[in-house]
Every structure is written in C-alpha cells, then in structure tokens.
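Summary of the model geometry
The chain contents come next:
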Amino acid sequence: GDQIEAIYQKTYLAKFQRFLQENSILHLQNFYLSFLSSEVPAAIDCRLQIQLQDKTIIMELDDTEDIPCYKFTFTDFDTIINYTQNKKKTFDAIGRIIKISETVNQQLKRGDKTLKKYVTIQNERGNNLRITLWGSVAAELERELDQLNRQNTLLVITLLSTNL
C-alpha cells in the first residue's frame, strides 16, 4: 500500500506538532519502521508503522506541487454500518448531504463540553449514512456550508471511525 501510520510519544509533541498538519509533505530521517501484525489495530489500513523518536529529524519540503496529498479509498456504506470487529478501523466515505442537525453543546464523560452535529449523507445508490461531527469540525462545516449553495453538496469524510 501507500499509507504508513506514524506514532510518537507525547513527550515529543512539542518537537513534532508544527509539522503534523494536513497538506504537508515531509522528509523524515532517523526513525524506526516496523511491520504490524494483522492482530494489532491500526488507525489506517496499513501494515507499516513509523515510530518517531527524539533523534528523528523532520523537514518540510517546499517543491511539492506534483505530489498528490490525498488518496481516498471510499468504502460502501453497508460495509461501514455492518463493521463489527473489535478493533478500531477508519474509513473514507463520500455522499451528498441530505440532512444536517443543529449544532449542540455536548457534555463529555470527562466533564468538559464540545460541539456536536449530525450529518446524513446519501451515496449514489440512495443509501444513507448518519455521521457525528465533533468539536471544531462541527463548527467548521457550518461555516463552510454557509458559503455554499447547500443543494447537491458532496461531503468527503476521511478517517471516519465506527462507534463500537
């Protein structure tokens, strides 16, 4: 495949955080590369994992116009809805927005509050999938949709996980 999961210890967050953002293409040096067993849950569908460490060097590349930043593997809604395995898996989905709930404040188990919004999308066969958006993603979608004509708006969702 062409996806690799990258992990690091929280103690290195300050060192790596400025590099870890969308649309970044990076050069990495001095990291561990390991093969994941199929029993180990992975955030993406891959078998390779990069482990960043204190001696890892990350440099942002400048001339990246010809390098695509995204590869989507759209999953059928039935596969997402019927996913019942006991390991975390993420999916990519695409559909036309057919229903959007109001944004509400949700009390979390740990005590703080966050924004929550339900969005229902429909695929080309007419199947529906209800998605829950949290926090800044819920607020950002509302702002983006205010700028668009809400008719026939397609929504691409990456790293969608199921509530097991």
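Keep in mind that this is a model prediction, so the values were computed, not measured.

The number of helices and strands found in the chain is three helices and ten strands. Secondary structure elements of the chain occur, N-terminal to C-terminal, as β-α-β-β-β-β-α-β-β-β-β-α-β. By residue count, 27% of the 164 residues in the chain fall in the buried class. Contacts in the chain between residues at least 24 apart in sequence constitute 60% of all its contacts with a sequence separation of at least 6. If you sum the accessible surface of the chain, you get close to 12,000 Å²; carbon and sulfur atoms cover 49% of it.

On the surface, Glu60, Asp62, Asp63 and Glu65 cluster together into a negatively charged patch. Note that Asp62 resides in the loop between β5 (57-60) and α2 (77-81). Assessed through its relative accessible area of 76%, Asp62 is described here as exposed.

A few words now on the nonpolar core. Counting 17 residues, the largest nonpolar core has Val119, Ile121, Leu129, Ile131, Leu155 and Leu160 as its most contacted members. At the level of elements, α2, β6 (90-100), β8 (113-122), β9 (128-134), α3 (135-147) and β10 (154-161) are the ones that each hand at least two residues to this core. When sequence neighbours within four positions are dropped, the list of residues in contact with Ile121 reads Phe77, Ile94, Gly95, Arg96, Ile97, Asn127, Asn128, Leu129, Ile131, Leu155 and Ile157.

It is worth spelling out the sheet that holds strand β3 (residues 32-35) at this point. Reading across from one edge, β1-β4-β3 is the order of the three strands in this open sheet, with mixed pairing throughout. In the strand order of this sheet, the two ends are held by β1 (5-7) and β3, each with one partner. The average angle at which neighbouring strand axes cross in this sheet is 25 degrees, direction not considered. Here β1 pairs with strand β4 (residues 48-51) via three bridges, running parallel. The residue of β4 that forms the bridge with Ala6 is Ile50.

Side chains bearing opposite charge may pair, as long as their charged atoms lie close to each other. For the structure on display, the rule yields four salt bridges. Between Arg125 and Asp76 there is a salt bridge, with the nearest N and O atoms lying 1.9 Å from each other. Taken together, the positions of Arg125 in the loop between β8 and β9 and Asp76 in the loop between β5 and α2 put the pair 49 residues apart, joining distant regions of the chain. For the salt bridge of Glu124 with Arg125, the shortest nitrogen-to-oxygen distance reads 3.4 Å. Relative accessible area serves as the criterion here: at 69%, Glu124 is assigned to the exposed category. Through salt bridges with shared partners, one network takes in Asp76, Glu124 and Arg125.

A word on the side chain of Thr56. Along the chain, the position of Thr56 falls in the loop between β4 and β5. There is a polar contact of 2.7 Å between the side chain of Thr56 and the backbone oxygen of Asn30. Side-chain polar atoms of Thr56 contact the backbone nitrogen of Gln53, separated by 2.8 Å. Ignoring sequence-local partners within four residues, the contact set of Thr56 consists of Lys15, Phe16, Leu28, Gln29, Asn30, Phe31 and Gln51.

Calculation rules
Residues numbered from 1 in each chain as written. Predicted model: local features only at pLDDT ≥ 70, side-chain atom pairs only at ≥ 80, totals over all residues. Heavy atoms only, no water. Helix = DSSP H or I, 4+ residues; strand = E, 2+ residues; numbered from the N terminus. Buried < 20%, exposed > 50% of the residue type's maximum accessible area, 1.4 Å probe, protein only. Contact = heavy atoms within 4.5 Å. Areas by Shrake-Rupley, 256 points an atom, 1.4 Å probe, with all protein chains shown as cover. Patch = residues over 30% accessible without salt bridge, like charges linked within 9 Å, V, L, I, M, F, W, Y side chains within 5 Å. Salt bridge = Lys/Arg side-chain N within 4 Å of Asp/Glu carboxyl O. Lys, Arg positive; Asp, Glu negative; His and termini not counted. Charge placed at Lys NZ, Arg CZ, Asp CG, Glu CD. Core = buried A, V, L, I, M, F, W, Y, C linked by side-chain atoms within 4.5 Å. Pairing = 2+ DSSP bridges. Axes fitted to C-alpha atoms, helices over the stretch in contact; angles between N-to-C directions. Polar contact = N/O pair within 3.5 Å; in protein donor to acceptor, adjacent residues only side chain to side chain.

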